[in-house]
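Each chain, written out:
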Amino acid sequence: AQKVTQAQTEISVVEKEDVTLDCVYETRDTTYYLFWYKQPPSGELVFLIRRNSFDEQNEISGRYSWNFQKSTSSFNFTITASQVVDSAVYFCALSEEMNNNDMRFGAGTRLTVKP
Amino acid sequence: GAVVSQHPSRVICKSGTSVKIECRSLDFQATTMFWYRQFPKQSLMLMATSNEGSKATYEQGVEKDKFLINHASLTLSTLTVTSAHPEDSSFYICSALGAGIHQPQHFGDGTRLSIL
């Protein structure tokens with residue numbers, strides 16, 4: 001069965017610090033997708049990135065970057081020069097093609113960025 | 001981009017009431033829709049998967065008679081929480097999956113259900 005582990009329950013940083021959120025996954029499928037979502041206090045899920053299992057290239061989008069390593073089954077997310085507005089709960093998720101693409105979420109990491 | 005509308009965004013009602021939540025894909029046809037539940041400070045847990053025109057598939061531990069799902073069209077799925085009780089209070093989020101391979105899920109903004 002697919003499984004996503006976000007070992008960091010809560011992280012607190014001071015503004016402008018860099019922070020990395022860890023995500024480790026388990027799957028038997030060869031075709032799968034990994035996601036990161038941001039959930040602010042208002043509750044809606046904000047899509048950040050989707051990466052398929054055949055694309056191990058790291059990605060950078062502004063202050064956000066993602067490191068996908070199949071060898072360690074990890075898909076870590078780094079925020080550079082964090083800002084107060086980055087405070088939210090961040091979820092890593094996995095969907096497997098063989099499981100009708102239903103999405104399994106990690107427990108989430110609550111990030112607090114202090115001014 | 002693809003938009004999923006979820007309504008209502010918030011419901012407060014008395015114990016014993018049945019509550020219907022709608023999930024609509026506004027600009028694409030959703031062959032599959034998913035319903036998630038999120039208790040405070042917890043992760044999203046998949047409740048059920050619904051395919052248009054067929055019965056929903058429920059995850060283990062989710063009562064199908066309690067949480068009725070209807071996916072009557074390619075743009076609408078509804079979740080009805082029957083005879084809701086305080087323990088059903090939660091944040092419910094739907095997502096929709098378009099037809100075709102490798103389509104991502106698109107999430108609604110969620111419904112916060114509070115049962116008094």
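Below is a short write-up of the structure. (Residues numbered from 1 in each chain as written. Chains lettered and ligands numbered in written order. Predicted model: local features only at pLDDT ≥ 70, side-chain atom pairs only at ≥ 80, totals over all residues. Heavy atoms only, no water.)

Counting its secondary structure elements, chain B contains 0 helices and 11 strands. Of the regular secondary structure in chain B, the N- to C-terminal order runs β-β-β-β-β-β-β-β-β-β-β. Taking 13 Å as the expected radius of gyration for a compact globule of 116 residues, we find that chain B reaches 13 Å, a close match to that expectation. Its C-alpha atoms put chain B at 40 × 25 × 25 Å along the principal axes. For chain B, buried positions account for 51% of its 116 residues. The contacts of chain B with a sequence gap of at least 6 include a subset with a gap of at least 24, amounting to 55%. Only carbon and sulfur atoms are counted for the fraction: they give 51% of the accessible area of chain B, which is about 5700 Å². Treating the 10 positive side-chain charges of chain B as one cloud and the 9 negative ones as another, the clouds have centres 6 Å apart. (Helix = DSSP H or I, 4+ residues; strand = E, 2+ residues; numbered from the N terminus. Rg over C-alpha atoms; globule rule 2.2 N^0.38 Å. Buried < 20%, exposed > 50% of the residue type's maximum accessible area, 1.4 Å probe, protein only. Contact = heavy atoms within 4.5 Å. Areas by Shrake-Rupley, 256 points an atom, 1.4 Å probe, with all protein chains shown as cover. Lys, Arg positive; Asp, Glu negative; His and termini not counted. Charge placed at Lys NZ, Arg CZ, Asp CG, Glu CD.)

Another point: the side chain of B:Q38. Among the structural elements, B:Q38 can be located in strand β4 (residues 30-38). Among the polar contacts listed, one links the side chain of B:Q38 to the side chain of A:Q39, at a separation of 2.8 Å. The residues touching B:Q38, leaving out its near neighbours within four places in the chain, are A:Q39, A:F91, B:S43, B:L44, B:S90, B:F91 and B:I93. (Polar contact = N/O pair within 3.5 Å; in protein donor to acceptor, adjacent residues only side chain to side chain.)

Residues and elements named next belong to chain A. This structure, assessed with the given rule, holds 6 salt bridges over all chains. A salt bridge links R51 to E59; the nearest nitrogen and oxygen atoms lie 2.2 Å apart. Looking at R51, the relative accessible area reads 5%, which means it is buried. Two residues, D86 and R63, come together in a salt bridge whose shortest N-O distance is 2.8 Å. Of the two residues, D86 sits in the loop between β9 (74-79) and β10 (88-96) while R63 sits in the loop between β7 (59-61) and β8 (64-69), which places them 23 residues apart along the sequence. In this structure R63 comes out as partly exposed when scored by relative accessible area, which is 24%. What you see here is one network of salt bridges that share partners, running through R51, D55 and E59. (Salt bridge = Lys/Arg side-chain N within 4 Å of Asp/Glu carboxyl O.)

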